[in-house]
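Working through the structure, step by step
Given next are the chains, with one letter for each unit.
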Amino acid sequence: MTSPRLGSTVSKQSSYSRATRGVNSLKKIPNQHFRLMIFFVVIATLFVTGCASDAPLDTLKPAGRKANDINTLINPIFVIAGIIFIFIQGAVLYLGWKFRVRAPQEGEDSFNGDYPDEDFPEQVHGHFAAEIGWTIGPAILMAAIAIFSVGALFSLDDVDAAPEGAAHPEVEVIVVGQQWWWEYHYYLDGVDGADQPDFVTANEIVIPVGQDVRIYTTSRDVIHSFWIPRLNGKKDAVPGRTTPWVVQANEVGRFAGQCTEFCGLSHAYMRMYAVALSHEGFQTWVENQLESRQPLQEGDKNYEGEQIFLANCSRCHVINGITSREVNGSIQPDSMAMYGNIEEFRDHSDGSLGQGKYTGSVNLTAGAAPNLTHFATRSSYAGSFFELYPDAQDMSDAGDYLRLAGSDYGRGTLESWLRNSPAAKPNAQPGQARGMPNLNLSEADIDLLVDYLISLD
Amino acid sequence: MAIVEQEDAPLELGSGESNQITERPLGAFTRPQGSGGWRSWLFTVDHKKIGIMYGAAGLLFFIIGGIYALFVRLQLSRPGNSILSAETYNQVFTMHGVVMVFLAAIPLGAAFSNYLIPLQIGARDVAFPRLNAFSFWVFLGGGLFLLTSMFIGGWWENAPDGGWFAYSPNTGVLFSPSKGIDFFAIGLQITGIASLVGAINLIVTVLNMRSPGMTLMKMPVLTWMLFITQMLLLFAMPVISVALFLLTFDRLFDANFFNVAEGADPLLWQHLFWIFGHPEVYILILPSFGIISEIIPTFSRKPIFGYPFMVFSGIAIGFMGWGVWAHHMFASGVGPVAVAAFSVSTMFIAVPTGVKILNWLATMWGGRIRFTTPMLYATAVVAMFTIGGLSGVTHSLAAADSQQTDTYYIVAHFHYVIFGGIILGFFGGFYYWWPKMFGYFLSEKLGKMSFWVMVIGFNLTFGPMHILGLQGMSRRIQTYSAGQGFDFWNFISTIGAFLIAVATAMFIVNILISRRAYRDGKTPDPGPDPWDARSLEWMTASPVPEHNFDEVIEVERQDEFWHRKWGKNESGQVVRRATAEEVAHDGSNTNVHLPSPSYWPIFAAVGLPIIGYGLIYNLWLCVIGGLFVLGGLYGWVFEPVDDPNAAGHDHDDDHEHIDDSPENQEDASEEVSVD
């Protein structure tokens, strides 16, 4: 029963024409394992260096309580999985190494199967105790993990009470996904029983630091998924459903997010931010958001810009106090009432899916565009794909988010967005009433419009 | 001979006469004749030819799906790339998923099922040979139908763009107004018919046509795994069929099954899709598990370790696979109780899978392992699938999954399962059974080279995706920005993808070179049993003669063929009883009655894609397609049961003739093939 790779067997197998092959393959097979080892070392090195790179969506750098809990759960699992990984890979390599014999492969390309007859190992058919062992063992391990897993799962849905000093302890937000941006309906005293939101903003959800803010994800068209990786896991935004979830940050700053449920053409460009402010900062921000605008008079600065806006943009975009639209045959100023309440997102039997700014079949797709009342206070636009302020990240992380309005902004990008938005990012397609179309504005109009938009603080 | 097609029995009933055919209900249509040329493939009912055609088609679709993948990788190789527009990208990644799952992985599994199940159980053919041909042609028609969406109505205008999972309402007409989702729904409906028909056929085959003495618990592990696969298909396919019908009616006939505005709940689609979709994962993986359960014992020169545990863990996976579907929906808001239940069931499905991995390792333990190309692939499956299994456990923890789902971490996970577990296993199977199928070896040298290129390329492609996913890169995004930290690993991943392409090309080159060498007489004769294998398919000549076995094999124990070759001496050492050549049939029996080829399976199958085009473009086409199907079925029913003058086999065989030997006559009553 000696293995033919041992020198002594070579003479024993003289009847086999391939007796000398052993020498060649002895070199060959170790070589393969060596290559494999090199490969794993290279991969491991790359892995370690790769993790060091800076990624704003990194799930392993939690900045919120929930994301932290998730990491506390998963990190030991990664370790256990790593141990099993090393054990199995080690076993494969070890067994392959220890019990290998060479395949006959002299000269010719093809294997022709001439094995030494007598070379058989013990014919083991199984081992009952071992089988039971490696059935029960993993089952117990899984059961143990399951206990922690289920516990973590239920605690993930819990909402803590607001901390001391919270300016708005009851604040809740309906997070509405649509192709391809996020809208936030703020209810400062909670959604229950409220007829309409206190104010509506887009792309960036602003929260007071340290406080669990309950959100309800929902959608006006297809399924999206709301995900700020450093704060919490993701929750789908399903039309006709309002799903509770929590956004909470341990530190002041701006945290990147990305829609993670495939939602059509511009899915990759549907991003968002969560911004955590101090409690005083949040109060200041809320007070500003609650303010409406007054129509500008002829001769006022940016008056022409506002007129261009009303002529070209107000069919879809709202500026509180400025825009108006036809409701039941009469022109009425836009108001928060048109955004409806949470019940309208749940009961969509009228086809409105919460609310619609228009009637008709394109309602689902084109109804809403971001409310621009305080456009200039947001650090990004167009589904948070473009940064309005080049320094937004650093300033927000330093707690200066509220000072963005009025600071240096990226005029060129905003101009090109207004010039031809489908060219700037995948957007409105012919025949599909969604996204922002190319409005064919003149350069002069674009200039005036940019000046106007940037004044909306 | 033992296995006699008695499809003439119904005719007999009416007349009470002998089954000598004197009258032809449709005189113009005799059954096709001749065993050579393209006709012998188009009209064949031979499970081996059908298996080979499944394999060839699956490989072709695998290459096409791979080309899609290369374009996806090219697009993602750099941030802000614009090789593919968002519109095209969405179609390309959808087609990649659809083609790889439905047109490559399923048919490659079907290739092994068709070719090997009858051989491994010692049968003459499958239970319903014409139905078998029908399911292949239906599959091919459905697959080509899907692919034509690439260019019908414009280049990449009408391909499906909703992802392979096709979540509603994004697949509604309002959000996906091109014809793509129609092609998706109808195309998969057609290939689903193929899978369902094939599954029924093979289930009946396994249950009714095993050699005498081969009890279920003596079947090879591969046959067991393929059998479980067919059972899963049988129950999973109707679910996706229902879902696709609802989707088709929504899109084409203004139904409201998924119309949220009319009160539909979009989660209905998700439940239907994943009740099919998760068993589908096991439909894909179990054939590969079976394949390496044949390869590892053969090249370790040991029997499979823990045969009953291998079988029952497969069955356990088959059952538990039905209770885990909602783990695809942890983030969808089904509520924490449902999520907890599915999370726990998902964790426990790791147990039978772990049993399999440890049993493969135990089979290798103490063996005499010969690292031929098939064994290299089988070993790689154990190693690579383990990685996919472990990452699978990390997202069975629902809380953790809320970070991981829909990121590249998931993409990494299921590619380690599907590529590392399934595709590598299939490649191992190709190298292992190639001499049996075609009578010559694939080059070992090229095979080993391509193996290493493939394994390295595979790890370079999908390994970095673990990191990308944990760094927060979402799935199905057409591009990413430079500041997101995804640049480096995406670039590495793209390099890896091209290495896989190189390895696949090397495999094709290997086929061509080895085939030429074979034609030139430069390759060694593999003989019936080149690897000193264990199961019955090696007990006949290579390539397998049309009638499979010369006589019925009486099976006494598991690994019957091996036990006929090897015995034990007094001291318990394994000694040779007989050489493989002595034991194996040489295929010389010309006295075998076989089912005749038939025109009708392909004729009927052609009708289905025509109906599909009709549904999308012009309902009148449905009438034409319907005539094909009905005419095909009519001809099928009324075609002569056999042609006495058929030259379908290389002998002039009397229709009624049954091998005279008493033992075989006895078997004949048990082994009946009804077409």
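1. Focus: the overall build of chain A
- Counting its secondary structure elements, chain A contains twelve helices and 15 strands.
- Buried positions account for 44% of the 457 residues belonging to chain A.
- Counting only contacts in chain A whose residues sit at least 6 apart along the sequence, the fraction spanning at least 24 positions is 66%.

2. What about the pairing of strand β4 (residues 199-202) of chain A?
All names here are of chain A.
- Side chains F199 and T201 project from β4 onto one buried face, and the interleaved V200 and A202 project onto a second face that is buried too.
- Here strand β3 (residues 181-187) runs beside β4; their pairing, made up of four bridges, is antiparallel. Bridged to Y184 within β4 is T201.

3. Topic: the sheet that holds strand β6 (residues 213-219) of chain A
All names here are of chain A.
- Ordered by their spatial adjacency, five strands build an open sheet running β4-β3-β2-β6-β9, and the pairing between neighbours is mixed. Only two strands of the sheet have a single partner each, and these edge strands are β4 and β9 (243-247). Strand-to-strand, the axes of this sheet are offset by a mean angle of 30°, without reference to chain direction.
- Bridge analysis of strand β2 (residues 172-178) against β6 gives six bridges, and the strand direction is parallel. Bridge pairing in β6 links E172 to R214.

4. Here's the deal with the nonpolar core
- Core analysis: the largest hydrophobic core is formed by 329 residues, its most contacted members being V175(A) and A274(A).
- The two domains that each donate at least three residues to this core are domain 1 (8-123) and domain 2 (166-457) of chain A.

5. Digging into the sheet that holds strand β11 (residues 271-277) of chain A
Residues and elements named next belong to chain A.
- Sheet architecture is open: three strands sit in the order β5-β11-β10, paired in mixed fashion. In this open sheet, the two strands that pair with only one neighbour each are β5 (204-208) and β10 (253-258). Between one strand and the next, the sheet's axes are offset by a mean angle of 20°, whatever the strand orientation.
- Sheet topology note: the β5/β11 ladder contains five bridges and is parallel. Across the sheet, residue I207 finds its bridge partner in β11, namely A276.
- Helix α5 (residues 279-290) rests against β5 and β11 of the sheet, and its axis sits at about 130° to β5.

6. Section: the domain arrangement of chain A
Residue and element names in this part refer to chain A.
- Each assigned domain of chain A is listed here: domain 1 (8-123) and domain 2 (166-457).
- Contacts between the two partners involve twelve residues from domain 1, matched on the other side by 14 residues from domain 2.
- Here the residues of the side of domain 1 that touches domain 2 are counted per class, giving six nonpolar, two polar and four charged.

7. Topic: helix α19 (residues 600-616) of chain B
- Spanning 17 residues, α19(B) covers 26 Å between terminal C-alpha atoms, matching the ideal 24 Å at 1.5 Å per step.
- Taking burial as the measure, the 17 residues of α19(B) include 14 buried ones, the bulk of the element.

8. What to know about the packing of α19(B) against helix α20 (residues 619-638) of chain B
Residues and elements named next belong to chain B.
- It is the contact of α19 with α20, at a shortest axis distance of 7 Å, that shows an interaxial angle of 165°. Comparing the axis directions of α19 and α20 gives the class roughly antiparallel. With respect to the hand of their crossing, α19 and α20 are arranged in left-handed fashion.
- For the contact of α19 with α20, a count of residues per class yields 18 nonpolar, seven polar and no charged.

The rules behind these values
- Residues numbered from 1 in each chain as written.
- Chains lettered and ligands numbered in written order.
- Predicted model: local features only at pLDDT ≥ 70, side-chain atom pairs only at ≥ 80, totals over all residues.
- Helix = DSSP H or I, 4+ residues; strand = E, 2+ residues; numbered from the N terminus.
- Buried ≥ 20, exposed ≤ 12 C-beta atoms within 10 Å, placed from the backbone.
- Contact = placed C-beta atoms within 7 Å.
- Pairing = 2+ DSSP bridges.
- Axes fitted to C-alpha atoms, helices over the stretch in contact; angles between N-to-C directions.
- Core = buried A, V, L, I, M, F, W, Y, C linked by C-beta atoms within 7 Å.
- Domains from an automatic or database assignment.
- Nonpolar A, V, L, I, M, F, W, Y, C, P; charged D, E, K, R; others polar.
- Expected span 1.5 Å × (residues − 1).
- Parallel < 35°, antiparallel > 145°, perpendicular 65-115°, else oblique.
- Left-handed = near helix turned anticlockwise from the far one by under 90°.

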